[in-house]
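# Report on the structure
Here's the letter readout for the chains.
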Number of protein chains: 2
Amino acid sequence: MVSAATETKWVYLFNEGNASMRDLLGGKGAGLAEMSNVGLPVPPGFTITTTACIAYTTSGGVFPPGMWEQTLKALHAIEQATGKRFGDRQNPLLVSVRSGAKFSMPGMMDTVLNLGLNEETLQGLSALTGNPRFAYDAWRRFIQMFGKVVLDLPAERFEAILDEAKRTAGVRLDTELTADALRHVAERYLDAVRAETGKEFPRDPFEQLRLAIEAVFLSWNNPRAVAYREFNKIPHDLGTAVNVQTMVFGNLGDDSGSGVAFTRNPSTGERRLYGEILFNAQGEDVVAGIRTPKRIDELEVEFPVLYQQLVEIANRLEHHYRDAQDIEFTIERGKLYILQTRAAKRTADAAVRIAVDMVGEGLITKQEAVQRVEPEQVVQILLPRFDETAKAAAIAEGRLLAKGLNASPGAATGVAVLTADKAVEWAHRGRRVVLVRPETNPDDVHGMIVAEGVLTARGGATSHAAVVARGLGKPCVAGTEALNVDLEASTFGVDGRILHEGDELSIDGTTGEVFIGRIPTIDRPFAELTDLRTLLGWADEIRRLGVWANADYPRDADRAVQFGAEGIGLCRTEHMFFEEERLPVVRQLILNARAAQAELERVEALPASERPAALAVARQHEAVRLYREAIEQLERVQTDDFRGILRVMAGRPTVIRLLDPPLHEFLPRHEDLVRRIEQVEREGSGTDELAELRATLATVEELREANPMLGLRGCRLGILYPDIYAMQVRAILNAAGDLIAERIPVHAEIMIPLVGHVNELKLVRERLEAVARDVQEKRRLQIPYQFGTMIEVPRAALTAGEIAQYAEFFSFGTNDLTQMTMAISRDDAEGKFLLHYVNRKVLPFNPFQQLDQAGVGKLIALAVQEGRRVKPSLQLGVCGEHGGDPASIAFFHANGLDYVSCSPFRVPVARLAAAQAALSARERDR
Amino acid sequence: MVSAATETKWVYLFNEGNASMRDLLGGKGAGLAEMSNVGLPVPPGFTITTTACIAYTTSGGVFPPGMWEQTLKALHAIEQATGKRFGDRQNPLLVSVRSGAKFSMPGMMDTVLNLGLNEETLQGLSALTGNPRFAYDAWRRFIQMFGKVVLDLPAERFEAILDEAKRTAGVRLDTELTADALRHVAERYLDAVRAETGKEFPRDPFEQLRLAIEAVFLSWNNPRAVAYREFNKIPHDLGTAVNVQTMVFGNLGDDSGSGVAFTRNPSTGERRLYGEILFNAQGEDVVAGIRTPKRIDELEVEFPVLYQQLVEIANRLEHHYRDAQDIEFTIERGKLYILQTRAAKRTADAAVRIAVDMVGEGLITKQEAVQRVEPEQVVQILLPRFDETAKAAAIAEGRLLAKGLNASPGAATGVAVLTADKAVEWAHRGRRVVLVRPETNPDDVHGMIVAEGVLTARGGATSHAAVVARGLGKPCVAGTEALNVDLEASTFGVDGRILHEGDELSIDGTTGEVFIGRIPTIDRPFAELTDLRTLLGWADEIRRLGVWANADYPRDADRAVQFGAEGIGLCRTEHMFFEEERLPVVRQLILNARAAQAELERVEALPASERPAALAVARQHEAVRLYREAIEQLERVQTDDFRGILRVMAGRPTVIRLLDPPLHEFLPRHEDLVRRIEQVEREGSGTDELAELRATLATVEELREANPMLGLRGCRLGILYPDIYAMQVRAILNAAGDLIAERIPVHAEIMIPLVGHVNELKLVRERLEAVARDVQEKRRLQIPYQFGTMIEVPRAALTAGEIAQYAEFFSFGTNDLTQMTMAISRDDAEGKFLLHYVNRKVLPFNPFQQLDQAGVGKLIALAVQEGRRVKPSLQLGVCGEHGGDPASIAFFHANGLDYVSCSPFRVPVARLAAAQAALSARERDR
């Protein structure tokens, strides 16, 4: 045993270790060793190893042989390095003692500062600082800290004494107590220790050190630490190291000070030392904010040598850690000490600039640069946002009106309008408007298009307002429960605070905040964001996943392309239906669809010879006439729509989804209709209107469904009303044909939604292939197109092999797939139980923001595998909101999808995330 | 080649073959050979082999060497056996020629009868029958048939000639044409053949035979036959055989005749020859129904020897085929010929009796008996049903009022009542009532319980009415679109036919028919169905799957046990909530739940020391008081409920599902509330009622969901309102405890519904285990219980391995699992697109009646596998409606489930189906 003890090294001076020794020295010890090795002026110290801790705890509380001797030796080395002596009354060496395991563990003992103090060394400290108050404060703090963490006394005991002292002195803050008062407190603390432990507080610094080391060792097995390890699956046999380090003081005169320095500006990323310093002050004074610190430039003026030394250290640290650093330093009597360095927190702008600059400086590779920026930070750069100072001022002025759901990010400011028509009217007169509604419906879309942003009182993150706003890239605050919108009075507000239509309003869709009045926004065009574009260019070189966008209008498609989208993964044709001038036509279609369809089916059932005559008669039928007329009108406008979007995409793949939502979404709400009918009846006016309203009501009732999500929509509509899909395909093919005639390349992919059984796809596709052939024959033109389907019904994923036989591509509609797989109707659930679930950790995260890999992801993986097995050429993409979520993108990359598609604003996010996914996968494979 | 030809046998006399030679002789030929071998008096004949067909077609249309010679030789053997001669003018041998492949193929040539006829042999036929009209009719039919199927002439050509002859004769039916007229028709037919083919109709019988054989051979490759084989995946190289058989005539005098005989009575199963005979008539005359046939007993009277011969043949056939037979026979001049025999079609009653009797007779094994009855037939035996004759009479009298959805099978008759209260009132006065409603809701359940049956105007097969009726085992016709129910006038009807409350009404839930007036029903107690019980007893010995029942009330449980249920797989506690006297308490619970829960959570969040005082205050809070009061009341009644059902089950496993439906189902409908509020407001009365109505409306609006199926229900309720589940578990445990005290065995399994994520189950179970411990400690009694979950959310199936860690059992809720996996809301879909889908074969069957194995089944298989992997002891069952469907039961058996649970009435069906599944599986494994 003796020979083993003499051989084992239990104690390492900081300059004896390095960053790779985390197992033995703990994370903190290895970090301090690394800094020392880089040659930084770290206050000298040493680390007692984790193996010493294990030896101590397993032996039942005995220091392993030789450990204490090595400790004393290391302490002596420190004394030599600092010229101070432990326990010396003139120039006392004071130390900090800290625990430090391999993994950071909040459950363990934290820190004891100023160890080595007692009534005598205290005098030395007082003399050295010329500040008796500081010395007494340090002394009473030391007793309190040591009492609590080493002697395990209740914190309340000390708090009570301090409170009483303040009461006696008639002051409110600790800092207002005089040196005398603090001395008195320290004495009462010592009494308390005696009373609680039955022993004197240890005055001998060596005794203090021994006890502190034992306390750190024992803290490894305290219940909180054990529970923490259980929860985080950290092994129990690692042990903790103990770090003993010289205390340095920034308050030893005007040639002393404490500060924080960033190697680059954390707001802008500019490569210039940035930070603050407080002369003749301790580090905690900087944090406490009692005195206003000076800019780091002052150091250059007053102590140019020290400043130069700091700049050199900053450079050395950046080169060593290959990242911008946030450095804590202290100057003790003209000598610079580095207390800590870590990767600097930074704004999104700074993150991008630093990453790009460092590549330019040859400090990091492009791959590393791509990994240095959080994809979500990119959103912050792109979206218009409020000037933070102005926003803070608005809050201070009490202009925060309410808080709703952050349904679509970005900031908007303008005058409030309460109807869509008014929004259009005012916008056309050149005013910036914010549309405020109890909730929105298809009737409001024309107003949403012209508005800067949308505010609603009701509806969740997939309410109509939220979905349309996200699609339009407009900020939206939804479900603002406290908000009252009085349409009759044209006012809105919260409690007593009433605003009128025309009042200025600002909404922050990123935070859900609603402000009275105007707040200036910051908005920079993507073209001007040179660093970001450089970074994303590197990302594009790295990523394998394609990045496409969801866009319904040419202007969105255009924006998406500018943001780097390589295709459109989802063009929702129904949004085109919702536009104001089209809605009456769409309604004409729906109100006559059933009667017309029945009539046409009757003709179909006749013997072939009788059909032509019967068809001619049927076409005179009112419902059939109106139905066909509506179809023809819609075909004209849809052809324009598709021509517009395909022209912008100029040969890039463009996935157009055929009509998907249940038809009742295009009709007025049941309650509104009933109310209106009652009103007209009461007033006894408008028999024409009444008849129309009643007909509409009858259709609305006919179309009503208990669970529309699982109802008559998607390809089910296409099967029951074949004319609608046929019209859409004619419009797509003709639009493509027109462009081909103009020698503009076209790549249209036609997507059939809500397929659950292969027969649905087979039937619809067969019918539509005939339509496509027909258009091509009429135009005598070969028009390229593909058919594919959305995988959004669980059954489609489960039978993907069958479905792949009839599809050239799959696009995973992860929104609906999540709703059905988890049985969660997002709109309903968000307010009712989903947030509760996420808050209480029943669900680890909101599955509509981040893909549920264990459940929904399993279906996707299965569908990818089965689909590719049957058809290796199958193109696979994602068009749900998860297509823009970095964690989900990593999953899609890992599962071999071809592309993700997301809203235009998230395209840059996805480009970056896709590159990071590729890099992580490479690292894992290595 | 010559030597091969002399060696190959191309032609087999019937008595040279047997049943195993289907490849060579085709199905029909092998059957005829088999009958001949049994020694039946089959009209003599022979079969030309399938290999001859292949040789003919592959050689480009040449009979293989020796085939024709063998044919002539076989023909000669027939002549000798019959004493007739082919082409003989006195006693001509006439034959039929039929195709017959290994598999029945409707695409091929069918039959030519009376081949061998010409102007001369025709005279012999005329003389023999003494019926020139018959002879001429046979002649013109032969030309027509031969012309069409052998010479390939258009059928219209012959039809036109016949039509003209009828016009000329001024008659409407073929049978009204005289012998002369028919002769004329035959002549014109011959003209037509000459005109169409440019040749004479072949008069030489041998030429006729050769041509007919060639036509059969060629028909193997006609386009319809090829397409049929393609579709049915039948190989193209099998070829077809040709069957040539002596024609026999039942119309050669009073010692001749034709008839049909069943070896046992096909209605009752009685073992006695049953059938009909028409003397001096051909078989087609029996079918045509022009003359009324006599009962087979007449044969016994008039020709006892022939009758005895027939009885012997019947016995021999039953022994040979080991099943009851349906025999076609002809007597030609006192000689009995058997033309065909096949398994007899039979009623459900007969099927059971025959199967059981045959086991008694040693004819078949118990296993075979079990396979002889279709499980669905058992339902027909069990349900009350209308007397068919009386029903036919009612239809004839025009008493069929309307047709709706056959939502719950069985027949009911009684007086119509239009409200649930009236139903109870009248039923208590001893009247049998049928409840007629526009649709039902929880308020109507007390009326449904006392009614004989339920009729609604609206709602699909899973509407409230349908589900509750099926649960209660009551007939229900739902969604009777044509029906108008006028509650104010207390009338109902269709178009102009108005009925009043109190009028008699009959509904057939098996067919969806609604009749005016009373129709007598037939209803037999299960205890009296001795044969069925015997058969099911054998099924029980064979099956591996357990058969449990879904039952919510003690009386249902009792019935289920009588039907042989071994446990309860689903006891829905919410149905107990719906009962009339409880609904107000349930509503009190719901109206105060949110406020009370918020209050209780506020207290929970306080420091531990403040909680007791705060709780005391909170309990004085109005909402909390009412909430707790309702919980306590419900606990009392639920304890009674559970005691009742557990007592009946007496130790059999009983799965009790905790509250599942969204709370709004217990509240009045939104529209009704709004209407009522407006009414009360208009009348200016009842401010108390108004306040209550408004409070209810507010809660209804708060609970409203766009897609309640995917909303706040199941364990989500249990998590948000922990008191409700805690109350239910206390009630279950206390009920069990009471029974244990009475020494009655108890086996309660507590099922947590709608789990999608393991954390849900974990959280709820942990809370409820505490409650269970609490009850046991209070009672100082060990009470056995288990926790498990319903697998009805796709995600639960996908993550079954995780979930199994916290469940002792899984019960597959295949109804909801199907809805979510296929994205079909059953209620909405059935009327809107599902029936269309099934009719047009977009879906192969209704997935709510038969399990979708490819999609939903895949999830179940996955969950079984993962669940058992993690916990081998996991108990697996099914409680969706598929648990009673035979095809689905076979799937559940194959996938290793432990039991199926279905409505009590289907328990016998499931017992039989489970046994059949086991037998099929054994056969496959063999």
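Residues numbered from 1 in each chain as written. Chains lettered and ligands numbered in written order. Predicted model: local features only at pLDDT ≥ 70, side-chain atom pairs only at ≥ 80, totals over all residues. Heavy atoms only, no water.

## A few points about the overall build of chain A
- Assigned secondary structure in chain A consists of 38 helices and 33 strands.
- Restricting to contacts in chain A with at least 6 residues of sequence separation, those with at least 24 account for 69%.
- Taken as a whole, chain A presents about 37900 Å² of accessible surface, with 50% of it coming from carbon and sulfur. (Helix = DSSP H or I, 4+ residues; strand = E, 2+ residues; numbered from the N terminus. Contact = heavy atoms within 4.5 Å. Areas by Shrake-Rupley, 256 points an atom, 1.4 Å probe, with all protein chains shown as cover.)

## Brief notes about the packing of aromatic side chains
- Considering all chains together, one arrives at 46 aromatic pairs over all chains under this definition.
- Every member of this aromatic cluster is reached through a ring pair, and the members are Tyr 56, Phe 63, Trp 68 and Phe 217 of chain A.
- In this arrangement the basic side chain of Arg 229 of chain B is found over the ring face of Trp 220 of chain B, its NZ or CZ atom lying 3.8 Å from the centre.
- Positioned above the aromatic ring of Tyr 553 of chain B, the side-chain terminus of Arg 555 of chain B is 4.9 Å from the ring centre. (Phe/Tyr/Trp six-rings, centres within 6.5 Å; stacked < 30°, edge-to-face > 60°. Lys NZ or Arg CZ within 6 Å of the ring centre and 35° of its normal.)

## A look at unusual backbone geometry
Residues and elements named next belong to chain A.
- Backbone geometry places Asn 280, a non-glycine residue, at a positive phi of 50°.
- Structurally, Asn 280 can be placed in the loop between strand S9 (274–279) and helix H11 (283–288).
- For Ala 650, which is not glycine, the phi torsion reads 45° and is therefore positive.
- Inspection of the secondary structure puts Ala 650 in the loop between helix H26 (622–649) and strand S28 (654–657).
- A relative accessible area of 37% means that Ala 650 is categorised as partly exposed. (Buried < 20%, exposed > 50% of the residue type's maximum accessible area, 1.4 Å probe, protein only.)

## Brief notes about the pattern of salt bridges
- Scanning all chains against the criterion turns up 146 salt bridges over all chains.
- The partner of Glu 689 of chain A in a salt bridge is Arg 676 of chain A, and the shortest N-O contact between them spans 3.0 Å. Pair noted here: Glu 689 of chain A is in helix H28 (residues 687–703) and Arg 676 of chain A is in helix H27 (residues 670–683), with a separation of 13 residues, a long-range link.
- Between Arg 385 of chain B and Asp 349 of chain B there is a salt bridge, with its nearest N and O atoms 3.5 Å apart. Of this pair, Arg 385 of chain B sits in strand S13 (residues 385–386) while Asp 349 of chain B sits in helix H14 (residues 348–360); the two residues are 36 residues apart in sequence, bridging distant segments of the chain.
- Where salt bridges share partners, they join Glu 439, Arg 458, Arg 669, Glu 671, Asp 672 and Arg 675 of chain A together with Arg 704 of chain B into one cluster. (Salt bridge = Lys/Arg side-chain N within 4 Å of Asp/Glu carboxyl O.)

## Details of the sheet that holds strand S15 (residues 405–408) of chain A
All names here are of chain A.
- The strand order S14-S24-S23-S16-S17-S18-S19-S15 describes an open sheet built from 8 strands, whose pairing is mixed. Where the open sheet ends on each side, the last strands, each with one partner, are strand S14 (400–403) and S15. The mean angle between the axes of side-by-side strands here comes to 30°, regardless of whether they run parallel or antiparallel.
- Sheet topology note: the S15/strand S19 (residues 476–478) ladder contains 3 bridges and is antiparallel. Paired with Leu 405 across the two strands is Ala 478, which belongs to S19.
- In this fold helix H17 (residues 388–396) packs onto S14, strand S23 (504–508) and strand S24 (513–516), with an angle of close to 70° to the strand it touches most, S24. (Pairing = 2+ DSSP bridges. Axes fitted to C-alpha atoms, helices over the stretch in contact; angles between N-to-C directions.)

## Digging into the confidence of the model for chain A
Residues and elements named next belong to chain A.
- Across chain A, pLDDT averages 91, with 98% of residues at or above 70.
- In the predicted structure, residues 1–5 sits below a pLDDT of 50 and forms 2 contacts with residues beyond four places in sequence or in another chain.
- In the predicted complex, the global pTM is 0.81; the interface-specific ipTM is 0.81. (pLDDT = per-residue confidence, 0-100.)

## Some details on the nonpolar core
- Judged by nonpolar contacts, the single largest core of 335 residues is most densely connected at Leu 535 of chain A together with Leu 535, Phe 810 and Phe 812 of chain B.
- In this structure Phe 810 of chain B touches Thr 789, Ile 791, Ala 800, Ile 803, Ala 804, Ala 863, Gly 867, Leu 874, Gln 875, Leu 876 and Gly 877 of chain B, once residues within four positions along its chain are discounted.
- Membership of the second largest hydrophobic core comes to 66 residues, among which are Phe 146, Phe 158, Ile 234 and Phe 249 of chain A. (Core = buried A, V, L, I, M, F, W, Y, C linked by side-chain atoms within 4.5 Å.)

## Quick word on the side chain of Asn 222 of chain A
Residues and elements named next belong to chain A.
- Relative to the assigned elements, Asn 222 resides in the loop between helix H9 (205–219) and helix H10 (223–232).
- For Asn 222, the side chain forms a polar contact with the main-chain nitrogen of Ala 225, separated by 2.8 Å.
- Discounting residues that sit within four places of it in the chain, Asn 222 has contacts with Gly 107 and Met 108. (Polar contact = N/O pair within 3.5 Å; in protein donor to acceptor, adjacent residues only side chain to side chain.)

## A look at the interface of chain B and chain A
- Taken together, the contacts link 51 residues of chain B with 51 residues of chain A.
- Across the chain B to chain A interface the summed buried area is about 4500 Å²; carbon plus sulfur atoms make up 57%.
- In this structure, the connection of chain B to chain A is made through 6 salt bridges.
- The closest approach of N and O atoms between Arg 795 of chain B and Asp 852 of chain A, which form a salt bridge, is 2.7 Å.
- Put simply, chain B and chain A have 24 residue pairs in polar contact (both at pLDDT 80 or more) between them.
- Counting only elements with at least two residues in the side of chain B that touches chain A, the list comes to helix H27 (670–683), helix H28 (687–703), helix H29 (715–720), helix H31 (758–779), helix H32 (794–798), helix H34 (814–822), helix H35 (826–839) and helix H36 (853–870) of chain B.
- Residue contributions to the side of chain B that touches chain A peak at 5 residues, all from H35 of chain B.
- Taken together, the residues of the side of chain B that touches chain A sort by class into 24 nonpolar, 11 polar and 16 charged. (Buried area = accessible area lost by both parts, 1.4 Å probe. Nonpolar A, V, L, I, M, F, W, Y, C, P; charged D, E, K, R; others polar.)

## A closer look at the packing of helix H14 (residues 348–360) of chain A against helix H16 (residues 375–382) of chain A
All names here are of chain A.
- One way to put it is that H14 packs onto H16 with a least axis distance of 8 Å and a crossing angle of 115°. On the basis of their axis angle, the class for H14 and H16 is roughly perpendicular. The two elements H14 and H16 meet at a crossing, and its hand is left-handed. Here H14 contributes Ala 348, Asp 349, Ala 351 and Val 352 to the contact with H16, which in turn contributes Gln 377, Gln 380 and Ile 381.
- Its residues placed into classes, the contact of H14 with H16 shows 4 nonpolar, 2 polar and 1 charged. (Parallel < 35°, antiparallel > 145°, perpendicular 65-115°, else oblique. Left-handed = near helix turned anticlockwise from the far one by under 90°.)

## Topic: a negative patch on the surface
- Taken together, the side chains of Asp 254, Asp 255, Glu 298 and Glu 302 of chain B define an acidic patch exposed on the protein surface.
- Within the secondary structure, Asp 255 of chain B is located in the loop between strand S7 (240–246) and strand S8 (257–262). (Patch = residues over 30% accessible without salt bridge, like charges linked within 9 Å, V, L, I, M, F, W, Y side chains within 5 Å. Lys, Arg positive; Asp, Glu negative; His and termini not counted. Charge placed at Lys NZ, Arg CZ, Asp CG, Glu CD.)

## A closer look at the relation of the copies chain B and chain A
- Under the fitted operation, chain B is carried onto chain A by 0.4 Å of movement along the axis and a turn of 180°, and the coordinates agree to an RMSD of 0.5 Å. Those values place the two copies in the arrangement expected of a two-fold rotation axis. Among all residues of chain B, the one whose C-alpha sits closest to the rotation axis is Asn 707 of chain B, at a distance of 2.2 Å.
- Mapped onto chain A, 100% of the interface residues of chain B again fall at the interface, so both copies present the same surface. (Least-squares fit on C-alpha atoms with pLDDT ≥ 70 in both.)

## Details of the packing of helix H4 (residues 67–82) of chain B against helix H9 (residues 205–219) of chain B
Residues and elements named next belong to chain B.
- Relative orientation of the contacting elements H4 and H9 amounts to 120°, with a least axis distance of 12 Å. By the angle between their axes, H4 is oblique relative to H9. Crossing of H4 over H9 shows right-handed handedness. Facing Met 67, Trp 68, Thr 71, Leu 72 and Leu 75 of H4, the residues of H9 in contact are Phe 206, Leu 209, Arg 210, Ile 213 and Phe 217.
- For the contact of H4 with H9, the per-class residue count stands at 8 nonpolar, 1 polar and 1 charged.

## Regarding helix H18 (residues 420–428) of chain A
All names here are of chain A.
- Turning to H18, its buried residues number three or more, namely Ala 420, Ala 423, Val 424, Trp 426 and Ala 427.
- Each element contacted by the buried residues of H18 is listed here: strand S16 (411–417), strand S17 (433–437) and helix H19 (445–450).
- Within two residues after H18, Gly 430 carries a phi angle of roughly 90°, on the positive side.

## Some points on the pairing of strand S27 (residues 568–572) of chain A
Residue and element names in this part refer to chain A.
- Buried residues dominate S27, accounting for 5 of its 5 residues.
- As paired strands, strand S26 (residues 546–550) and S27 are joined by 2 bridges and run parallel to one another. In the strand pairing of S27, Asn 550 is matched with Leu 570.
- Summarising the sheet, S27 and S28 pair through 3 bridges and their orientation is parallel. The partner of Arg 572 across the bridge, within S28, is Arg 657.

## Side note on the environment of Leu 817 of chain A
Residue and element names in this part refer to chain A.
- Structurally, the position occupied by Leu 817 is in helix H34 (residues 814–822).
- You can call Leu 817 buried: its relative accessible area is 0%.
- Sequence separation between Leu 817 and Leu 754 is 63 residues, and the spatial gap between their C-alpha atoms is 9.9 Å.
- Look past the residues within four positions of Leu 817 in its chain and what remains in contact with it is Ile 791, Glu 792, Val 793, Pro 794, Val 856, Leu 859 and Ile 860.

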